[in-house]
Amino acid sequence: MLKPLIEPFSVVIGGPTGIKPYKVKLVRRLSDLQDFFYNKKIVEEKLSKGENPTVYEVYEVPQKPVSRHLSLAATIIFPGKVGDEYYFTKGHFHEKEDASEVYIGLEGEGIILMQSRSGEVRHLKIEPNVAVYIPPGFAHRTINVGSSKLVFLAIYPSDAGHDYGSIVETGFAKLVLEREGRPVVVDNPTA
Ligand code: M6P
Ligand code: ZN
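About the cut-offs
Residues numbered from 1 in each chain as written. Chains lettered and ligands numbered in written order. Predicted model: local features only at pLDDT ≥ 70, side-chain atom pairs only at ≥ 80, totals over all residues. Heavy atoms only, no water. Pairing = 2+ DSSP bridges. Helix = DSSP H or I, 4+ residues; strand = E, 2+ residues; numbered from the N terminus. Axes fitted to C-alpha atoms, helices over the stretch in contact; angles between N-to-C directions. Phe/Tyr/Trp six-rings, centres within 6.5 Å; stacked < 30°, edge-to-face > 60°. Buried < 20%, exposed > 50% of the residue type's maximum accessible area, 1.4 Å probe, protein only. Donors = N, O, S within 2.8 Å, 3.2 Å for Na, K, Ca; no water.

**Student:** Explain the sheet that holds strand β12 (residues 138–144) to me, and be specific about the residues and the numbers.
**Tutor:** By way of backbone hydrogen bonds, the strands of a sheet pair with one another, either parallel or antiparallel. With antiparallel pairing, 3 strands are arranged side by side in an open sheet as β10-β9-β12. Only two strands of the sheet have a single partner each, and these edge strands are β10 (121–126) and β12. Averaged over neighbouring strand pairs, the angle between their axes works out to 20° when direction is ignored. Examined bridge by bridge, strand β9 (residues 110–116) and β10 share 6 bridges and lie antiparallel to one another. Counted as the bridge partner of glutamine 115 is valine 121 from β10.

Here it is in structure tokens:
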């Protein structure tokens, strides 16, 4: 039987939301990321002073969560740090283990940290004119290592799902920290 047709559409890339139009907006503030930054003391201090900055925003055009669809999302990570650790996305494994993803850099400079279930770590640069392929089985976190916002487009199977629990439990084996004004990838002492 023929599957019902989905209407083709396009989005415009650029502007304050990364893509336009979008369907869903997510805002992740420092309080949402309390369990993810390695220096929890600094996070607590900031929050207790009433500081709760937006770390990143996601503008999505999701499709029905079935395997024949791809979803689009633009992510904007603002520049900033918690102590010496640059702002980042939570990072996730896909619930559907065979789901891959493509990131395309639009603005700013960042690092994509990838880690397999068995602890193998890879990292690649993301910046304008760079597309990064994230193979199945790698958790992925994006870190803004620049002084302006980092914007990237993500394209992923709509039924990929997000598993954040494993990241909270074990942490990424590497951290991206500022040392003498430059980003360095170091071992995570708490992982
Ligand atoms: C990209 C995609 C989204 C993801 C977002 C933020 O746009 O990978 O699926 O939600 O980045 O990343 P996270 O969900 O790890 O916070
Ligand atoms: Zn993903």
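**Student:** Which residues make up the packing of aromatic side chains, and what are the values?
**Tutor:** Applying the stated criterion across every chain, the model contains 4 aromatic pairs. On the basis of an interplanar angle of 70° and a centroid distance of 4.8 Å, the ring pair of tyrosine 22 and tyrosine 59 is categorised as edge-to-face. With a gap of 37 residues between them, tyrosine 22 in the loop between β2 (19–20) and β3 (24–29) and tyrosine 59 in strand β4 (residues 54–61) connect regions that are remote in the sequence. Measuring from ring centre to ring centre gives 4.3 Å for phenylalanine 37 and phenylalanine 88, while their planes differ by 15°; the resulting arrangement is stacked. A residue pair is termed long-range when its members are at least 10 positions apart, and phenylalanine 37 in the loop between β3 and α1 (40–48) and phenylalanine 88 in the loop between β7 (85–86) and β8 (101–107) qualify at 51 residues. Residue class for phenylalanine 37 comes out buried when judged on its relative accessible area of 0%.

**Student:** Quick rundown of the coordination of the zinc ion (ligand 2)? Include the residues and the values.
**Tutor:** Coordination of the zinc ion (ligand 2) by the protein is provided by His92 (NE2), His94 (NE2), Glu101 (OE) and His140 (NE2), with metal-donor distances spanning 2.0 to 2.1 Å. Of note, the donors binding the zinc ion (ligand 2) are all from one chain and are spaced H-x1-H-x6-E-x38-H. Take histidine 92 and glutamate 101: they sit in the same class, and that class is buried.

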